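Chain by chain, the residues run as shown.
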Amino acid sequence: LLDRCHHLYYLHFTDTTVLISHNYSALILSSIHSITTVSHQTTIMKSIYTALSLLLLSTGASAKDYDYSDYINAAEPTEEGSILLLGDSWAAIAGDYAANICGLSNSRLVTNDAKSGTTAAQWAEGETAVGSMEKAEYDYEYVWLSLGGNDFLDNKCDIDISEEVAANIVTVIGHIVDNSPNEDIKILYFGYSVPSDDVCGNGITAQLFEEQGAIIFEAIKASAYADYVTTFDISEMFVKWGNGGLSDSYYYYDEIHLNQMGYLHLFSSYKVQRFFGCSAAQTIELKGISAVVEGKDNPSHLAGTVITALLGLVMGVIGLVLAVNFIKRKLAMRNSSAKVDLLEPDERAETGDYVVVKEEKAVMA
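Computed from a prediction, not measured in an experiment: that's the story for all the values here. (Residues numbered from 1 in each chain as written. Predicted model: local features only at pLDDT ≥ 70, side-chain atom pairs only at ≥ 80, totals over all residues. Heavy atoms only, no water.)

(A) How the structure looks around the nonpolar core. Among the nonpolar cores identified, the biggest contains 72 residues, and Leu 145, Ile 169, Tyr 263, Leu 266, Phe 267 and Phe 276 are the most heavily contacted of them. Broken down by element, this core gets its largest block of residues, eight residues, from helix α7 (residues 162–179). Beyond its immediate stretch of four places on either side in the chain, Leu 266 contacts Trp 90, Phe 190, Ile 234, Met 237, Phe 238, Leu 258 and Val 272. (Core = buried A, V, L, I, M, F, W, Y, C linked by side-chain atoms within 4.5 Å. Buried < 20%, exposed > 50% of the residue type's maximum accessible area, 1.4 Å probe, protein only. Helix = DSSP H or I, 4+ residues; strand = E, 2+ residues; numbered from the N terminus. Contact = heavy atoms within 4.5 Å.)

See below:
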């Protein structure tokens, strides 16, 4: 990290070059990792990501006619961190962008074996995943599984089939784990975001999609393969305020499927980045691209980012102050303990530190 701190990284947007000293940020973030708990890390890092996104927006980089696909496969792919995509169209379409899931300066080897229009029932009954693993070109480190959406829609959003769908998905996960040459295979399942239109009718699409997702998540967590699977809910990731709980059509090319910006927004989310082992600097890079493009293309996104950044800065400062105070207390306790240990038994009895310790024990008793 110290070596990388001497370099600056360039991101290119159409005719404008944005200069980002993200390696300095990576050093700060790594320091935060070493002195805080996981929950504090999440809060602090999210705040810093948001603040840096605001910095990118302030550069005035042009996003007009920006096409994310222009930068796909910008770097030579490596087998480390290779990804296998399985399931339906959500994964199949994502195959065009998944190679750069950790930023444009890093490219993963991706095998897209997802099949549009397929259901969890078809994958479970046909043991499709078994075939995918048997013909695997690499010892994949990651698998993104997307199943259940077509089962639900084909049955007119009948929530009663959710348990059956969940059971089929668990079966497919078992096929992946049992046939993978990699004993440490990591599987990601986050379901689907709420559609951008009321595809289920009666204004209850959002509710039904969230309920189905919850049932599937619970089934996975209760299965024998739970340790291999990371789950989190993205149902509300694209929801637009005042839109009846439905997602913002800005991120969709139809009512069900994400467009380029949708996948960029999804991939740059903190939980996805963390699952795929992306570094802090890589996350900042992708998060910055997402913020710039969304902000320039849609003023409402820009306003939201500015407000969130201001709140994030406040939270970040509070988190850093707490971290510094925590370190000071730890150092003070360590120095006090070392001082007492160096004294002889007779000398310890004469020190204020030793007397205070004895008094504290007496009070506690």
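Now, onward.
(B) Geometry of the packing of α7 against helix α8 (residues 205–221). It is at 9 Å that the axes of α7 and α8 come closest, and there the two elements cross at 40°. Classed by the angle they form, the pair α7 and α8 counts as oblique. Crossing of α7 against α8: the hand is right-handed. Contact residues: α7 offers Ser 162, Glu 163, Val 165, Ala 166, Ile 169, Val 170 and Ile 173, while α8 offers Gln 212, Ile 215, Ile 216, Ala 219 and Ile 220. (Axes fitted to C-alpha atoms, helices over the stretch in contact; angles between N-to-C directions. Parallel < 35°, antiparallel > 145°, perpendicular 65-115°, else oblique. Left-handed = near helix turned anticlockwise from the far one by under 90°.)

(C) Just empty space enclosed by the protein, in detail. Counted according to the given criterion, the structure contains two cavities of 30 Å³ or more. The space that makes up the largest cavity amounts to roughly 100 Å³. Lining the largest cavity are Asp 88, Ser 89, Trp 90, Gly 149, Asn 150, Leu 153, Tyr 192, Ser 193, Pro 195, Phe 209, Ile 256 and His 257. Of the residues that constitute the lining of the largest cavity, the class distribution is six nonpolar, five polar and one charged. Empty space within the second largest cavity amounts to approximately 80 Å³. Along its surface, the second largest cavity is lined by Tyr 189, Phe 190, Gly 191, Tyr 192, Phe 209, Glu 210, Gln 212, Gly 213, Ile 216, Phe 217, Asp 233 and Ser 235. Ranked by the residues each element gives to the lining of the second largest cavity, the list is headed by α8, at six residues. Looking at the lining of the second largest cavity residue by residue, the classes come out as six nonpolar, four polar and two charged. (1 Å grid on protein atoms, 1.4 Å probe; cavity = no way out; pocket = protein on both sides within 12 Å on 5 of 7 lines; lining within 4 Å. Points joined across faces, edges and corners; volume = space filled by probe spheres on them. Nonpolar A, V, L, I, M, F, W, Y, C, P; charged D, E, K, R; others polar.)

What is shown is where atoms sit, not what they do.
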